[in-house]
Amino acid sequence: MITVLFAVPDLWADYADVLPSALDAAGIRAQVVQEAEPEVVDYIIYAPSAPLQDFTPFTRARAVLSLWAGVERIVGNATLTQPLCRMVDPSLTESMVEWVVGHALRHHLGMDAQIVNPDHLWNPVVPPLARNRPVTVLGLGALGTACAKALAGLNFPVTGWSRTQKTVPGVRCLSGEDGLRQALTGAQIVVTLLPRTADTENTLNAETLALPARGAVILNPGRGPLIDDAALLAALDGGQIGHATLDVFRVEPLPQDHAFWAHPRVTVTPHIAADTRPESASGVIAENIRRSEAGEPLLHQVDRALGY
Ligand code: NDP
Ligand code: OXD
């Protein structure tokens, strides 16, 4: 019998039944608890809202399993010496694809003009076909790749950019600093799905925001610090960027006095692009614990040096 410490009190109600069931289905004899003596804990389930910050006493823990995909709030924790795994879950990915495709199509089709038309204008502006609207996805990981493929499936010419070179069928893949310039140049929709690390901070800044086509749309479901807020506001005000749809922010909830709330060409969504779904996430956790117990390598292990 292993002991799994569920260290996220505010999510306990969502996982109290489904996580034990998933472990059971994976053939693991486990007790899932909210409290335990640290030295008896075999696995720790973590999320940023967890009060647990000192992992030192968990001498027997074989892994810390994050319910979140982004791990920037734990990856630098010096007390965490156990392997750290992030969340990669089919439902999370599906949800991100829906958010990205939905918001891309909103802008591509110019839907706002029909949805808000108080003067009943008959203004037949025909949008171009997707095949004529270049889209760039920054980040070709679990989420970026799925979004790039879905957009390519709708015939958008998609370019993806990542740290290391990738091959994704139907997607022009680029990497490195020159690759970023090439990827952004002429893009009409830019999606940011990079992790927050020291290297990705302000990837979109005054210089890089000047590269997409004039009037381009930015979709950011990645992390707030990927974009220099002041540079984005200046690019919106100058018309270089036509609209920004932002799901994530440097400070969350986005403060009421932040200029993004009032800006006519910014859409704010409250960090809902892709929530972790307890049922499918429990399956992912159970599979990782099964693998660990069977001596197989853990899935989705975070590289501490890279920070993601
Ligand atoms: P992955 O770790 O699978 O992918 C990250 C991608 O970013 C990889 O392609 C990686 O390159 C690339 N990358 C990392 N650093 C750099 C760099 N310095 N330069 C260029 N490319 C870089 O992450 P996921 O796809 O699972 O998630 C991405 C992010 O989405 C998360 O970190 C999180 O911040 C955010 N997120 C937001 C949610 C929301 O609801 N808004 C929900 C879930 C996640 P390489 O492939 O070469 O390693
Ligand atoms: C995540 C998120 O990282 O919800 O999972 O942002």
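Residues numbered from 1 in each chain as written. Chains lettered and ligands numbered in written order. Predicted model: local features only at pLDDT ≥ 70, side-chain atom pairs only at ≥ 80, totals over all residues. Heavy atoms only, no water.

1. Description of the sheet that holds strand β5 (residues 84–85)
Ordered by their spatial adjacency, five strands build an open sheet running β2-β1-β3-β4-β5, and the pairing between neighbours is parallel. One side of each edge strand has no neighbouring strand; the edge strands of this open sheet are β2 (30–33) and β5. Examined bridge by bridge, strand β1 (residues 2–6) and strand β3 (residues 43–46) share three bridges and lie parallel to one another. Paired with Val4 across the strands is Tyr43, a residue of β3. Where helix α2 (residues 18–25) meets the sheet, its contacts fall on β1, β2 and β3, and the angle it forms with β2 comes to roughly 165°. Lying over the sheet, helix α9 (residues 278–293) contacts β1, β3, β4 (63–66) and β5, oriented at roughly 155° with respect to β3. (Pairing = 2+ DSSP bridges. Helix = DSSP H or I, 4+ residues; strand = E, 2+ residues; numbered from the N terminus. Contact = heavy atoms within 4.5 Å. Axes fitted to C-alpha atoms, helices over the stretch in contact; angles between N-to-C directions.)

2. A look at the site of ligand 2
The environment of ligand 2 is made up of Trp68, Ala69, Gly70, Arg223, His271 and Ala274. With respect to ligand 2, the backbone of Gly70 contributes an N or O atom lying 2.7 Å from an oxygen atom. Separating an oxygen atom of ligand 2 from a side-chain N or O atom of Arg223 is a distance of 2.8 Å. Contact with the protein chains removes 90% of the 210 Å² of surface that ligand 2 exposes when unbound. Here the residues of the shell around ligand 2 sort into three nonpolar, two polar and one charged. (Near = heavy atom within 4 Å. Polar contact = N/O pair within 3.5 Å; in protein donor to acceptor, adjacent residues only side chain to side chain. Areas by Shrake-Rupley, 256 points an atom, 1.4 Å probe, with all protein chains shown as cover. Nonpolar A, V, L, I, M, F, W, Y, C, P; charged D, E, K, R; others polar.)

3. A closer look at the packing of aromatic side chains
The final tally for this structure, using the stated rule, is four aromatic pairs. A centroid spacing of 5.2 Å and a plane angle of 35° characterise the contact between Phe6 and Tyr15, whose relative ring orientation is tilted. Judged by its relative accessible area of 2%, Tyr15 falls in the buried class. Taken together, the ring pairs connect Phe6, Trp12 and Tyr15 into an aromatic cluster. (Phe/Tyr/Trp six-rings, centres within 6.5 Å; stacked < 30°, edge-to-face > 60°. Buried < 20%, exposed > 50% of the residue type's maximum accessible area, 1.4 Å probe, protein only.)

4. Here we look at the site of ligand 1
Taken together, 29 residues lie around ligand 1, and Arg86, Thr164, Lys166, Asp247 and Tyr308 are the ones closest in. Note that an oxygen atom of ligand 1 is positioned 2.5 Å from one of the side-chain N or O atoms of Thr164. When ligand 1 is considered free in solution it has 940 Å² of accessible area, and contact with the protein chains removes 92% of it. For the shell around ligand 1, the elements supplying multiple residues, two or more each, are α5 (142–153) and β7 (158–162). Examining the composition of the shell around ligand 1, we find that three residues originate from one element, α5, more than from any other.

5. Quick look at the pairing of strand β10 (residues 216–220)
Counting buried positions over the five residues of β10 gives five, a clear majority of the element. Neither face of β10 is open: one carries Ala216, Ile218 and Asn220, the other Val217 and Leu219, and all of them are buried. Relative to strand β11 (residues 241–246), β10 runs parallel, the two being bridged by five bridges. Bridging across to β11, Val217 finds its partner in His243.

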